[in-house]
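Structural characterization, general
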Amino acid sequence: PPAIPWWKDAVVYQIYPRSFQDSNGDGIGDLRGIIRRLDYLKRLGVDVLWLSPIFASPNDDNGYDISDYRAIMPEFGTMADFEELLREAHARGLKIMLDLVVNHTSDEHPWFIESRTDPRSARRDYYIWKKGRDGQPPTRWQSFFSGPVWEKDEKSGEFYLHLFSRKQPDLNWENPAVRREVHDLVRFWLDKGVDGWRMDTINMLSKHPDYPEGRPIPGATLTDGGPYFLNGPRIHEFIQELHREVLAHYDVMTVGETPGVTPAEGALYCGAERGELNMIFHFEHVFLGDDTVEHGKWSNPPLTLPGIKRVLARWQTELHGRGWNSLYWDNHDQPRAVSRFGNDREYRVESAKMLCTVLLFMQGTPYIYQGQELGMTNVSFESIEHYKDIETLNAYKVLRDEHGWDTARILAGVYARGRDNARTPMHWSREKNAGFTEGTPWLALNPNYPDINAEAAEADPRSVWHHYRDVIALRKALPVVRDGTFTLLDAEHPTVFSYIRNDGHTRLLVVGHFSGQPETYRLPEEFVGGEVLSNNYPSLEGTRELQLRPYQALVLRAR
Ligand code: TEU
Ligand code: CA
């Protein structure tokens, strides 16, 4: 049988460098700070470190607006620091995955400066410029960061496209010169020994050539252009070309960030024979219901467990044998999972552990976001002035000025779903600023760091941290987790998420209880008298029904 690729057995840890560890007292995390924490990550048992963008950037979108793809962001350090980080990681058997942001650049990238300055320049067509009609932009599409996606350039009277902030102009992937530039920069870092790429908004590269008007958005005057920039007509051609020209020549792990894909479309990006990517991130579970309410996530529609189970089960079954899943609850764009899907008050530790167990025994490569292993929670800063994320700040202005939301209503949405929830500095200890910095942190810390921090967690065998370490080790010891089928049980049960993994030799039952109330759960026959693998339940001797404690999770092996 073909060798099993290493990334199917890997566990990835996502670092948001700005908030991970500061080493020079400027209040901003940096590469030398990451070097200091490599042993901590090794002890946790992860294999790959995904670094959110470390390239030169004006930080309009904290590094997702790149002004030089071959230079390290000065606040993060130097190229020598990066090469030392790579060496030190490899010396510990850790791999490094970088974040490729090539749907757009910063407007301060020399390419865009030339493109905007001179309409006749060779670089004009590196970006997407349109005349519009009667002074109006070509479409009324809405940006992900509020407002229109077309920015008028007075000098030429033309508009340029930016799906995100106006300082993030979209690259024109129809232009072969742009595609060659990307091939070259991807090769540059792979030749340095980088082991993987997370590919930002990778399914947005191909836009519909006619730029049709988008579809209506409830409660908004702008439209949703998604059908015309997501999974566009040439997207697979572009990614297959990148694979053929560059990726196929390296032992490299790739994961595509692909919002708005169905499992069937997802298989086209990550099917083994597709010659594209190894796996993708979908967003169906974390954006569930947002498209049914006005102002999307800021209205924070309630989630139901059956809704989440249906989505995750569908991705498990439809990609089995057709592609490969990534498994996540948290990242730098999402609120903290223990606050959103668990209970970050009286059952913070139990529910954080339960979310770990339920996630890590599914099929796919798990992604753990910095602080998730501690059960770090959302934050509620008392005023909008404490927030930094451009998505939040732009939405605040639009919701207040165009939709009359009062501050309390906006802050409720920011507390529940704002991206800064995940970007408050990492909690290392109970010292000042949680040991993150000797200086003034670029973003205020969550005040609960004296109780929730890595030092305390490592010292407490019953901590979330030890649970992650144990579960990572357990999943690696059970080939059925990588290879087995997934069968969801009790799809409509309102508080229990239970599923079976089966590879013909081993059958596992995973049970997660999403409630603060105790619950009796009937065991499927084959698990009566089975073995408890998750060391947190008395033996099953003769038990036919589990007595689940609040937010308890179990892994059982059939007899
Ligand atoms: O996010 C792409 C994306 O789909 C965004 O809509 C994101 O999911 C949303 O902001 C969450 O509310 C990627 C990066 O992960 C994000 O940090 C960047 O801001 C964005 O691309 C632009 O590069
Ligand atoms: Ca620093």
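Thresholds, definitions, all that
Residues numbered from 1 in each chain as written. Chains lettered and ligands numbered in written order. Predicted model: local features only at pLDDT ≥ 70, side-chain atom pairs only at ≥ 80, totals over all residues. Heavy atoms only, no water. Pairing = 2+ DSSP bridges. Helix = DSSP H or I, 4+ residues; strand = E, 2+ residues; numbered from the N terminus. Domains from an automatic or database assignment. Contact = heavy atoms within 4.5 Å. Buried area = accessible area lost by both parts, 1.4 Å probe. Salt bridge = Lys/Arg side-chain N within 4 Å of Asp/Glu carboxyl O. Polar contact = N/O pair within 3.5 Å; in protein donor to acceptor, adjacent residues only side chain to side chain. Nonpolar A, V, L, I, M, F, W, Y, C, P; charged D, E, K, R; others polar. Phe/Tyr/Trp six-rings, centres within 6.5 Å; stacked < 30°, edge-to-face > 60°. Buried < 20%, exposed > 50% of the residue type's maximum accessible area, 1.4 Å probe, protein only. Lys NZ or Arg CZ within 6 Å of the ring centre and 35° of its normal. Core = buried A, V, L, I, M, F, W, Y, C linked by side-chain atoms within 4.5 Å. Near = heavy atom within 4 Å.

**So, the sheet that holds strand E18 (residues 507-513)**
As summarised here, the arrangement of the 5 strands in space is E16-E17-E18-E22-E20, forming an open sheet in which the pairing is antiparallel. The sheet terminates laterally at strand E16 (485-489) and strand E20 (531-532), the two strands that pair on one side only. Where E16 lies against strand E17 (residues 496-502), 5 bridges are found, and the strand directions are antiparallel. Looking at the pairing, Thr 485 lines up with Asn 502 of E17.

**Re the domain arrangement of the protein chain**
We note that the domain assignment places domain 1 (9-104 + 175-470), domain 2 (110-161) and domain 3 (484-557) within the protein chain. In this structure, domain 1 and domain 3 have C-alpha centres spaced 30 Å apart. Taken together, the contact pairs 23 residues of domain 1 with 27 residues of domain 3. Summed over both partners, the interface of domain 1 with domain 3 comes to about 2,000 Å²; 71% of that surface belongs to carbon and sulfur atoms. For the domain 1 face of the interface with domain 3, the top three residues by lost area are Leu 305, Lys 309 and Phe 361, together amounting to 30%. On inspection of domain 1 and its partner domain 3, the count reaches 1 salt bridge. Residue Arg 310 pairs with Glu 492 through a salt bridge whose shortest N-O separation is 3.3 Å. At the junction of domain 1 with domain 3, the criterion picks out 8 residue pairs in polar contact (both at pLDDT 80 or more). Those elements that place two or more of their residues in the side of domain 1 that touches domain 3 are helix H9 (305-319) and helix H11 (348-360). Residues that form the side of domain 1 that touches domain 3 fall into these classes: 11 nonpolar, 8 polar and 4 charged.

**So, the packing of aromatic side chains**
Aromatic ring pairs are defined here through the distance separating the ring centres and the angle between the ring planes. Going through the model one piece at a time under the given rule, you end up with 33 aromatic pairs. Considering the side-chain rings of Phe 283 and Phe 287, the 5.6 Å spacing of their centres and the 15 degrees angle between planes classify their relative orientation as stacked. Overall, the relative accessible area of 34% leaves Phe 287 in the partly exposed class. These aromatic residues form a ring-pair network of at least three members: Trp 141, Phe 144, Phe 145, Trp 150, Phe 164, Tyr 211 and Phe 229. Over the ring of Trp 298 we find Lys 297; its NZ or CZ atom is 5.0 Å from the centre of that ring. The ring of Trp 405 carries Arg 409 above its face, with NZ or CZ at 3.8 Å from the centroid.

**Some remarks on the nonpolar core**
Judged by nonpolar contacts, the single largest core of 144 residues is most densely connected at Tyr 13, Leu 49, Phe 82, Leu 98, Val 186, Trp 197 and Tyr 367. Setting aside anything within four residues of it in sequence, one finds Tyr 367 in contact with Val 12, Trp 50, Met 97, Met 253, Val 255, Met 279, Phe 281, Ser 326, Leu 327, Tyr 328 and Gln 372. Counting residues in each nonpolar core, the second largest holds 17 residues, with Ile 500, Leu 523, Leu 540 and Ala 558 among its members.

**Remarks on the site of ligand 1**
Looking at ligand 1, there are 19 residues lining it, with Asp 61, Asp 200, Lys 297, Asp 333 and Arg 419 nearest. Lys 297 places a side-chain nitrogen or oxygen 2.7 Å from an oxygen atom of ligand 1. Interatomic distance of 2.4 Å between a side-chain N/O atom of Asp 333 and an oxygen atom of ligand 1. For the shell around ligand 1, the class distribution of residues is 6 nonpolar, 4 polar and 9 charged.

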